[in-house]
Amino acid sequence: MRPNPQTGKYSGYYRLVESYRKESNRVRHRTILNAGYLDDLSTEQLNLTQKILTKKVSNGNNKLLFETPYTDDAFVIQHVDEFYNRMVKEKHIDVINEDTDKKSSKKLSNKQTIYVDSIKNKDVREIGAEWMSFQALDQLQIGLFLKNEG
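First, a word on what this report is: a plain description of the structure on this page. Note that the structure is predicted; figures quoted are calculated from it, not measured.

Re the overall build of the chain
Moving on, step 1. Counting secondary structure elements, the chain contains five helices and four strands.
Moving on, step 2. Here the chain holds 150 residues, and 17% of them are scored as buried.
Moving on, step 3. If you take every contact in the chain between residues at least 6 apart in sequence, the share linking residues at least 24 apart comes to 47%.

Let's talk about the packing of helix α1 (residues 43-58) against helix α2 (residues 74-89)
Helix-helix packing: each pair is described by the crossing angle between the helix axes and the interaxial distance.
Moving on, step 1. Closest axis-to-axis distance for the α1/α2 pair is 9 Å, and the angle between their directions is 40°. Relative to α2, the element α1 is oriented oblique. Pair α1 / α2 crosses with right-handed handedness. Contact residues: α1 offers Gln45, Leu48, Thr49, Ile52, Leu53, Lys56 and Val57, while α2 offers Phe75, Val76, His79, Val80, Asp81, Phe83, Tyr84 and Met87.
Moving on, step 2. Across the contact of α1 with α2, the residue classes tally to ten nonpolar, three polar and two charged.

Re the side chain of threonine 49
Moving on, step 1. Positionally, threonine 49 belongs in helix α1.
Moving on, step 2. Excluding its chain neighbours within four sequence positions, the residues that come into contact with threonine 49 are Leu41, Val76, His79, Val80 and Phe83.

A closer look at the nonpolar core
Within soluble globular proteins, side chains that are nonpolar generally end up buried alongside one another.
Moving on, step 1. Counting 15 residues, the largest nonpolar core has Leu33, Leu38, Leu53, Phe83 and Met87 as the members making the most contacts within it.
Moving on, step 2. No other element matches α2, which puts five residues into this core.
Moving on, step 3. For leucine 33, the residues in contact, after removing those within four places along its chain, are Tyr14, Arg15, Leu16, Leu53, Phe83, Arg86 and Met87.

Some points on α2
Moving on, step 1. End to end, α2 covers 22 Å across 16 residues, agreeing with the expected 22 Å (1.5 Å per residue, within 8%).
Moving on, step 2. Where α2 is buried, its residues touch β3 (13-21), β4 (27-37) and α1.
Moving on, step 3. Among the residues of α2, the N-terminal cap falls to aspartate 73, whose side-chain oxygen and the backbone nitrogen of phenylalanine 75 are separated by 3.1 Å.
Moving on, step 4. A positive phi of about 60° marks lysine 91, the residue just after α2.

As for the pattern of salt bridges
Moving on, step 1. All told, the structure shown has three salt bridges when counted by the stated rule.
Moving on, step 2. Measuring nitrogen to oxygen at the nearest pair gives 2.8 Å for the salt bridge that ties arginine 30 to glutamate 18. With arginine 30 in strand β4 and glutamate 18 in strand β3, the pair connects residues that are twelve residues apart, well separated along the chain.
Moving on, step 3. With relative accessibility at 35%, the residue glutamate 18 sits in the partly exposed group.

Remarks on the pairing of β3
When a strand is regular, its side chains alternate between the sheet's two faces.
Moving on, step 1. One ladder, built from nine bridges, connects β3 with β4; its direction is antiparallel. Considered in β4, the bridge of tyrosine 20 is made with arginine 28.
Moving on, step 2. Connecting β3 to the next strand, β4, in antiparallel fashion are five residues, including asparagine 25 with a positive phi near 70°.

Criteria and thresholds
- Residues numbered from 1 in each chain as written.
- Predicted model: local features only at pLDDT ≥ 70, side-chain atom pairs only at ≥ 80, totals over all residues.
- Heavy atoms only, no water.
- Helix = DSSP H or I, 4+ residues; strand = E, 2+ residues; numbered from the N terminus.
- Buried < 20%, exposed > 50% of the residue type's maximum accessible area, 1.4 Å probe, protein only.
- Contact = heavy atoms within 4.5 Å.
- Axes fitted to C-alpha atoms, helices over the stretch in contact; angles between N-to-C directions.
- Parallel < 35°, antiparallel > 145°, perpendicular 65-115°, else oblique.
- Left-handed = near helix turned anticlockwise from the far one by under 90°.
- Nonpolar A, V, L, I, M, F, W, Y, C, P; charged D, E, K, R; others polar.
- Core = buried A, V, L, I, M, F, W, Y, C linked by side-chain atoms within 4.5 Å.
- Expected span 1.5 Å × (residues − 1).
- Polar contact = N/O pair within 3.5 Å; in protein donor to acceptor, adjacent residues only side chain to side chain.
- Salt bridge = Lys/Arg side-chain N within 4 Å of Asp/Glu carboxyl O.
- Pairing = 2+ DSSP bridges.

Now the structure itself:
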């Protein structure tokens, strides 16, 4: 709840967030959509918008056989479409459409498989371990010690 700068009234500011766990098992939240002040929607419309939007995002905009949250309310459908299109446009969710699917299949057809065991290289060069050993010998002055010992 916060003051709405347009109306001056104290009202709710809505966000759609995704919860996830980090490696340390701590719960984190990532904002997917800042919906803003939705004073024009009733509580039932807000809940229905959230349910339809969540279902649409989790299903990747594919048509479901049985759409559990359904409404004839044009106002709710308008908000769902607007919010979904904003999330896609702002790239907060991954969507696979026919154009992307065709491009990815075209990219896959240009790739060739290489068997790692069949690759042979006769000229391998590496300086990491050798250089560290040389630096250690130099700093410990082992070369000078061996020279003095004959």
